[in-house]
Every structure is written in structure tokens, then in C-alpha cells.
Amino acid sequence: LPASTLWLLLRVLPASARLLHSIGRSEHISPVLRDLGWLSIPQRIDLRLSCLTFSCLRGSAPAYLSDELNMVTSVPGRRHLRSAATGRLAVPRVRHRTLGGRAFGPSAAASWNRLPCDFTKTLPSSLPLFKSRVKNFLQSL
């Protein structure tokens, strides 16, 4: 999303949490969001991208999405590096950060690589298990 639209969404989430818990604008909202189990908008975007990337790597996503992702082990100059054993994805270079950086390939690879190595090295058996692990990780940040 463009920053202008994302900014509007960033304002809606705390406002709805304040409405649910009847707290004023001067009180901190982070503990309330944590108690509700809600993620911030950028964390929600990372969660969705990570789940879609998980589906692509497991083979249950459409081929046009799976073709956008390349493991570090498949890149010829990087397959013997230590990072190749961590389950990381190669982030393709983009010319324009605002247009190309928001495409599925670069943004999904970047969000996947932000996850801890134990999440990406061995994939769990199901998507709900992976999603709960990633959500717990993002809430702990």
C-alpha cells in the first residue's frame, strides 16, 4: 500500500482498541493491543506475506507466485555460503523501492528473511501451526 493509505490504517487500529476498552487518547495503547492479541498493521502485513511464502514453499500456492521466490541455495554464487543452510530466500534487486520493492517477490523474500532461522530452516507440517508461531514471534517484538 502507499504510505498515505497505510497511515490511515495505522490510525484505525488504535482507535478501535480505545473504543473497545473505553480508554482515553492520553493513555498508552500498546499494552491494550498486546492484551487483545492484535498486531500492528506492518506486523499484519509481515504475517500475511510470511504465510503466503510458506504456502509457496510447500507447493500449495499458484505457480505464478512460487516462481517469484528463489532459495539462496539456488543462486550460483551463494550456494556455498553459511547463509544457504538457513532456509533464506534470495531478495531480488529492484530499481525503484516504491514500485518494485512492494512487488510480491522482493517483499515476501524480505519478510521471510526477517523471521528467525529456526522458523525458516525446518518448515512445520501445517499452515495454522506456522501462522501461530509467526504471530507469537511478532507479538513478542
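The residue count restarts for each chain, going from 1 along the sequence in the order it is written. A pLDDT threshold of at least 70 governs which residues receive local features in this predicted model, and a stricter bar of 80 or more applies before side-chain atom pairs are shown or counted, although totals over entire chains, interfaces and linings include all residues. Derived side-chain values reflect all non-hydrogen atoms in the structure, with water molecules and hydrogen atoms excluded from consideration.

Student: Provide a residue-level description of the layout of surface pockets, including the pertinent values.
Tutor: Of the pockets and cavities examined, the second largest pocket occupies roughly 170 Å³. Grid points spaced at 1 Å and placed over the protein atoms alone form the basis of the search, with a cavity being a set where a 1.4 Å probe fits but cannot get out and a pocket an open set showing protein on both sides within 12 Å along at least five of seven lines. Lining residues have an atom within 4 Å of a point. Contributing to the lining of the second largest pocket are S30, L33, R34, W38, L39, S40, Q43, L138, Q139 and L141. Taken together, the elements giving at least two residues each to the lining of the second largest pocket come down to α2 (30–36) and α7 (127–140). By residue number, the principal contributor to the lining of the second largest pocket is α2, which donates 3 residues. Nonpolar residues are Ala, Val, Leu, Ile, Met, Phe, Trp, Tyr, Cys and Pro. Charged residues are Asp, Glu, Lys and Arg, and all others, Gly as well, are polar. Tallied by class, the residues present in the lining of the second largest pocket amount to 5 nonpolar, 4 polar and 1 charged. Grid points are joined across faces, edges and corners, and a volume is the space filled by probe spheres set on the points. To qualify as a helix, a DSSP run of H or I must reach at least 4 residues; to qualify as a strand, a run of E must reach at least 2; elements of each kind are numbered from the N terminus.

Student: Please provide a residue-by-residue account of the nonpolar core, values included.
Tutor: To qualify as a nonpolar core, a set must consist of buried Ala, Val, Leu, Ile, Met, Phe, Trp, Tyr and Cys residues joined through side-chain atoms within 4.5 Å. The buried label applies to any residue whose accessible area, calculated with a 1.4 Å probe on protein chains only, is under 20% of its type's maximum; exposed applies above 50%, and partly exposed to all values in between. Residues F104 and V134 are the most contacted members of the largest nonpolar core, which totals 19 residues. Breaking this core down by element, the ones donating at least two residues are α3 (41–58), α5 (104–113) and α7. Here the element with the most residues in this core is α3; it accounts for 5 residues. V134 has contacts with L47, S50, L115 and F119, leaving out every residue within four places of it along the chain. With 7 residues, the next largest nonpolar core counts A17, I23, I29 and I41 among its residues. The contact definition used throughout considers only heavy atoms, calling two residues in contact when any of these lie within 4.5 Å.

Student: Lay out α3 in plain terms, naming residues and giving numbers.
Tutor: One less than the number of residues in a helix, times 1.5 Å, gives the span that helix is expected to have. Counted at 1.5 Å a residue, the expected span for α3 with its 18 residues is 26 Å, and the 26 Å between its end C-alpha atoms agrees. The set of residues buried in α3 consists of I41, Q43, D46, L47, L49, S50, C51, T53, F54, S55 and C56. In this structure, the buried residues of α3 make contact with α1 (3–21), α4 (63–66), α5 and α7. Count one or two residues on from α3 and you reach G59, which has phi positive near 90°.

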